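Fold and geometry: a report
Single-letter residue listing:
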Amino acid sequence: MKIAVTYEDGMIFQHFGHSEQFKIYDVDNGQITDSQIVDTNGQGHGALSGLLSNTGVNVLICGGIGAGAQNALADAGIKLYGGVSGLADDAVKAYLSGTLEFDSNVHCEHHETGHSCGGHSCGEDKHGCTGN
């Protein structure tokens, strides 16, 4: 199994569509066996689900994420755990132990300015999580 986490400086990055890195964990028998940091090379929203799918990721842990990206992940067969914050390593350990706190209804839209999304605030309306 492979678990990906939106990643920045050890923390869960809070805006899926603007993730510059993922930390990808290899898991065997419920234990982390390896991890690596993968750059997205500036890919956004829909392309990120393809990047994760091509890497063999089964699970994504992230902060805010929009409906379009959620649909792309579902189409790729990647299970989403959104609305998570804190240290990436701790989140994966919590997932593996069955104690990860997440928001099954996480949703991030950038149709308005000054909104809040997954623990961060944005003042732009041009970079929508849903591909707007």
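In this text the structure is predicted, and so the values were computed from the model without any measurement.

Time to look at the environment of Asp26. The residue Asp26 is located in strand β3 (residues 21-28) in this model. The spatial distance from the C-alpha of Asp26 to the C-alpha of Ile3 is 6.7 Å, given a sequence separation of 23 residues. Apart from residues no more than four positions distant in its own chain, Asp26 is found in contact with Met1, Lys2, Gln31, Ile32, Thr33 and Asp34.

It is worth spelling out the packing of aromatic side chains at this point. Within the structure shown, the criterion is met by three aromatic pairs. Between the aromatic rings of Phe16 and Phe22, the centroid separation amounts to 6.1 Å while the plane-to-plane angle is 55 degrees, which identifies the pairing as tilted. Considered together, Phe16 and Phe22 belong to a single accessibility category, that of buried residues. Between Tyr81 and Tyr95, the aromatic rings sit 5.1 Å apart at their centres with planes inclined by 65 degrees, giving edge-to-face as the arrangement. One end of the pair, Tyr81, is in strand β6 (residues 79-81); the other, Tyr95, is in helix α3 (residues 88-97), with 14 residues separating them in the sequence. Tyr95 shares its class with Tyr81; the two are buried. Pairwise contacts between aromatic rings join Tyr81, Tyr95 and Phe102 into one cluster.

This part is about the confidence of the model for the chain. Per-residue pLDDT for the chain averages 83, and the proportion of residues at 70 or more is 78%. Confidence drops under a pLDDT of 50 for residues 110-132, and excluding neighbours within four residues, the segment shows 53 contacts in the predicted structure.

On the surface, a cluster of negative charge is made up of Glu8, Asp9, Glu20 and Asp39. If you trace the backbone, Asp9 turns up in the loop between β1 (2-8) and β2 (11-12).

Taken as a whole, α3 has its buried residues at Ala88, Ala91, Val92, Ala94 and Tyr95. The buried residues of α3 occupy an angular sector of 160 degrees when projected down its axis, which confines them to one face. Tucked into the core, α3 has its buried residues touching β1, β2, β3, β4 (31-39), β5 (59-61) and β6. Phi for Gly98, located one or two positions after α3, is positive at around 80 degrees.

Moving on, we come to the pairing of β1. Along a regular strand, successive side chains alternate from one face of the sheet to the other. The element β1 is extensively covered by neighbouring structure, given that five of its seven residues are classed as buried. With three bridges joining them, β1 and β5 adopt parallel strand pairing. Across the sheet, Val5 pairs through a bridge with Ile61, a residue of β5. Where β1 and β2 come together, two bridges link them in antiparallel fashion. When the bridges of β2 are listed, Glu8 appears paired with Met11. The loop that links β1 with its antiparallel partner β2 comprises two residues; one of these, Asp9, has a positive phi angle of about 50 degrees.

Looking at chain direction, β3 and β4 are connected through eight bridges and run antiparallel. Considered in β4, the bridge of Gln21 is made with Asp39. As consecutive antiparallel partners, β3 and β4 are separated by two residues, and within that stretch Asn29 has a phi angle of approximately 50 degrees, a positive value.

Reading the values: the criteria
Residues numbered from 1 in each chain as written. Predicted model: local features only at pLDDT ≥ 70, side-chain atom pairs only at ≥ 80, totals over all residues. Heavy atoms only, no water. Helix = DSSP H or I, 4+ residues; strand = E, 2+ residues; numbered from the N terminus. Contact = heavy atoms within 4.5 Å. Phe/Tyr/Trp six-rings, centres within 6.5 Å; stacked < 30°, edge-to-face > 60°. Buried < 20%, exposed > 50% of the residue type's maximum accessible area, 1.4 Å probe, protein only. pLDDT = per-residue confidence, 0-100. Patch = residues over 30% accessible without salt bridge, like charges linked within 9 Å, V, L, I, M, F, W, Y side chains within 5 Å. Areas by Shrake-Rupley, 256 points an atom, 1.4 Å probe, with all protein chains shown as cover. Salt bridge = Lys/Arg side-chain N within 4 Å of Asp/Glu carboxyl O. Lys, Arg positive; Asp, Glu negative; His and termini not counted. Charge placed at Lys NZ, Arg CZ, Asp CG, Glu CD. Arc of directions from axis to C-beta. Pairing = 2+ DSSP bridges.

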